[in-house]
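# Structural features, examined
Residue-level listing of the chains:
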Amino acid sequence: MRKKIIVSITLSSFIVFFLLFLFISENIKKDYNKFEQKRSKERYMIIKNEFKSLSNNLKILSSDWGEWDDTFEFVKNKNEDYIKSNLSPLSISTLGINYLYITDITGKNVYSVGSDNEIQRKIIPSEKLRIQ
């Protein structure tokens, strides 16, 4: 009789602990999934805001350059002095960009320059990167 009681209590305890384990593990999974989703959304928003900031900075930069009379003149006559004073790899690197494309009003590429900012040397920009 004692043996049956001990076996019965042991078996019952095992079943209760197993069910408790299942219940707790499911709740932990749900909480962890919620946590991961929240963390992913926060990271997404940080990245989205960073891209938005970079995009706004590029818009400001391009409108600044686009409003210079010197740039308008360069589009017309492609003078070398403008290239030397404004489009050197160091100038491009100082702006914090890798590529600069100057186009005319029809979208035809007038001049493009690239710079590897890490080693400050000129690189050839790809036409595939140019916004049409």
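Residues numbered from 1 in each chain as written. Predicted model: local features only at pLDDT ≥ 70, side-chain atom pairs only at ≥ 80, totals over all residues. Heavy atoms only, no water.

## Comments concerning the confidence of the model for the protein
When pLDDT is averaged along the protein, the result is 82; 86% of the residues meet or exceed 70. The least confident element of the protein, judged by mean pLDDT, is strand β3 (residues 121–123) at 62; the most confident is helix α1 (residues 2–67) at 88. (pLDDT = per-residue confidence, 0-100. Helix = DSSP H or I, 4+ residues; strand = E, 2+ residues; numbered from the N terminus.)

## Here we look at the packing of aromatic side chains
In this structure the tally under the stated criterion is four aromatic pairs. On the basis of an interplanar angle of 40 degrees and a centroid distance of 6.3 Å, the ring pair of Y32 and F35 is categorised as tilted. With Y32 and F35 both in helix α1 and three residues apart, the pair spans about one turn of that helix. Counting every residue linked through ring pairs, the aromatic cluster contains F74, Y82 and Y111. (Phe/Tyr/Trp six-rings, centres within 6.5 Å; stacked < 30°, edge-to-face > 60°.)

## Some points on a nonpolar patch on the surface
Judged by side-chain polarity, L11, F14, I15, F18, L19, F21 and L22 come together as a nonpolar surface patch covering roughly 730 Å² of accessible area. Inspection of the secondary structure assignment puts F21 in helix α1. Since its relative accessible area comes to 54%, F21 is described here as exposed. (Patch = residues over 30% accessible without salt bridge, like charges linked within 9 Å, V, L, I, M, F, W, Y side chains within 5 Å. Areas by Shrake-Rupley, 256 points an atom, 1.4 Å probe, with all protein chains shown as cover. Salt bridge = Lys/Arg side-chain N within 4 Å of Asp/Glu carboxyl O. Buried < 20%, exposed > 50% of the residue type's maximum accessible area, 1.4 Å probe, protein only.)

## Overview of the nonpolar core
If you look at the biggest cluster of nonpolar residues, it comprises 13 residues, and the most contacted ones within it are F74, L87, L100, I102 and Y111. Of all the secondary structure elements, the ones that give two or more residues to this core are α1, α3 (80–86), β1 (99–103) and β2 (109–116). For F74, the contacting residues outside a window of four places in its chain are N79, Y82, I83, L87, I102, V110 and Y111. (Core = buried A, V, L, I, M, F, W, Y, C linked by side-chain atoms within 4.5 Å. Contact = heavy atoms within 4.5 Å.)

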